Amino acid sequence: MQRIIPNIWFDRNAAEAADFYTAVFPDARVLDTQYYPTEGLPDFQAGLAGEVLTVDFELAGYRLTAINAGAEFTVNPSVSFMVLFDSSRDPQARSHLDELWAALVEGGRALMPLQAYDFSPHFGWIEDKYSVSWQLMLTDGSAGPRPFIVPSIMFGSSVQGRAKEAIDYYTGVFGGTIETATFYPAEAGAVAGEVNFAEFRILDQWFAAMDSADQQFTFNCGVSLLVKCADQGEIDRYWDRLSAVPEAEACGWCADRFGLSWQLVPANMAELMTRLGAYQRMLAMKKLVIADL
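About the cut-offs
- Residues numbered from 1 in each chain as written.
- Predicted model: local features only at pLDDT ≥ 70, side-chain atom pairs only at ≥ 80, totals over all residues.
- Heavy atoms only, no water.
- Helix = DSSP H or I, 4+ residues; strand = E, 2+ residues; numbered from the N terminus.
- Expected span 1.5 Å × (residues − 1).
- Buried < 20%, exposed > 50% of the residue type's maximum accessible area, 1.4 Å probe, protein only.
- Pairing = 2+ DSSP bridges.
- Axes fitted to C-alpha atoms, helices over the stretch in contact; angles between N-to-C directions.
- Contact = heavy atoms within 4.5 Å.
- Phe/Tyr/Trp six-rings, centres within 6.5 Å; stacked < 30°, edge-to-face > 60°.
- Lys NZ or Arg CZ within 6 Å of the ring centre and 35° of its normal.

Overview of helix α3 (residues 163-174)
Then, in step 1: The end-to-end C-alpha distance of α3 is 16 Å, a good match for the 16 Å that 12 residues give at a rise of 1.5 Å each.
Then, in step 2: Of all the positions in α3, only Ala163, Ala166, Ile167, Tyr169, Tyr170, Thr171, Val173 and Phe174 are classed as buried.
Then, in step 3: Looking one or two residues beyond α3, the residue adopting positive phi is Gly175, at roughly 80 degrees.

Written out as structure tokens, the structure reads:
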């Protein structure tokens, strides 16, 4: 079971975005749609009463959630999604990559053009029309099997140079392993010893990380990582280790020492939210207390 689910913030067009992604990605479907209560919302959400709250969707077996809210946060490339087209598994991997690129680039923009690079014969980084970033890469399977989609966390701006620290931190919090890591040499024009590219696994899920010296943006709530927790004890343990920004604590959300946003929720959150008044009680919480929902 996928326990860490990236949540992407949209400005009142989450359902439209989920429909778009499930139309252009292979083996994709909408799984579930939740709605805001029709009454009892705080003033800042009053205009959303009865509208879509979240859309859970799946792309080739990888689950994401689209949050339908306002314009408070804009997604940026500090968290992107690597899409790995493995030619050892799919003889038409290159053409399938090109098809997805063509769909995502419409209304979007290329951050790195689709072409050959030292690390891949066919790679491009794109920001789609919803500002979500995707790295499309052709691979040959020589590095071993990888998931089709891998979230990539980029440490730039105020947290540049802290990727290795963060990987050690996350694998310490959740348990996990560092799978690969390469570092910039002094002659690369970057800071020697910073992470060029690394892969790690936590809760049996793959993530990538890198440092970047030329980016002026960093993490916000545009992309958060929701963790399905088994019980209150697990929520408490992760919260104590992760939450480092008191003013960011709200409704089960917290920000870690690098500014990356997490949501720590019970695994049966959807069921709990069907209880009368549960949504309103959740809004009053910082760390979620299951018994009080």
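Comments concerning the sheet that holds strand β14 (residues 253-255)
Then, in step 1: Spatially, seven strands are ordered β2-β3-β4-β1-β13-β15-β14 in an open sheet, and the strand pairing comes out mixed. The sheet terminates laterally at β2 (28-35) and β14, the two strands that pair on one side only. Direction aside, the axes of adjacent strands within the sheet are offset by 30 degrees on average.
Then, in step 2: Relative to strand β4 (residues 62-69), strand β3 (residues 52-59) runs antiparallel, the two sharing six bridges. Following the sheet pairing, Asp56 is matched in β4 by Thr65.
Then, in step 3: Most of the contacts of helix α1 (residues 14-24) go to β3, to which it runs at about 10 degrees, and overall it touches β1 (4-11), β2, β3 and β4.
Then, in step 4: Along the sheet face, helix α4 (residues 232-242) touches β13 (223-229), β14 and β15 (261-266) and points at about 165 degrees away from the line of β15.

Regarding the packing of aromatic side chains
Then, in step 1: Applying the stated rule across the entire model yields 26 aromatic pairs.
Then, in step 2: A centroid spacing of 5.9 Å and a plane angle of 80 degrees characterise the contact between Phe10 and Tyr130, whose relative ring orientation is edge-to-face. Within this pair, whereas Phe10 is found in strand β1, its partner Tyr130 is found in the loop between β7 (120-127) and β8 (133-139), the two being separated by 120 residues in sequence. Comparing Phe10 with Tyr130 shows no difference in burial state: the two are buried.
Then, in step 3: An angle of 65 degrees between the planes, with centres 6.0 Å apart, marks the rings of Tyr21 and Tyr130 as edge-to-face. Of the two residues, Tyr21 sits in helix α1 while Tyr130 sits in the loop between β7 and β8, which places them 109 residues apart along the sequence. The pair Tyr21 / Tyr130 is uniform in exposure class, with both members buried.
Then, in step 4: Counting every residue linked through ring pairs, the aromatic cluster contains Phe155, Tyr169, Tyr170, Phe174, Phe200, Phe207, Phe219, Tyr238, Phe258 and Trp262.
Then, in step 5: In this arrangement the basic side chain of Lys129 is found over the ring face of Phe20, its NZ or CZ atom lying 4.4 Å from the centre.
Then, in step 6: A cation sits over an aromatic face here: Arg257 above Tyr169, 3.9 Å from the ring centre.

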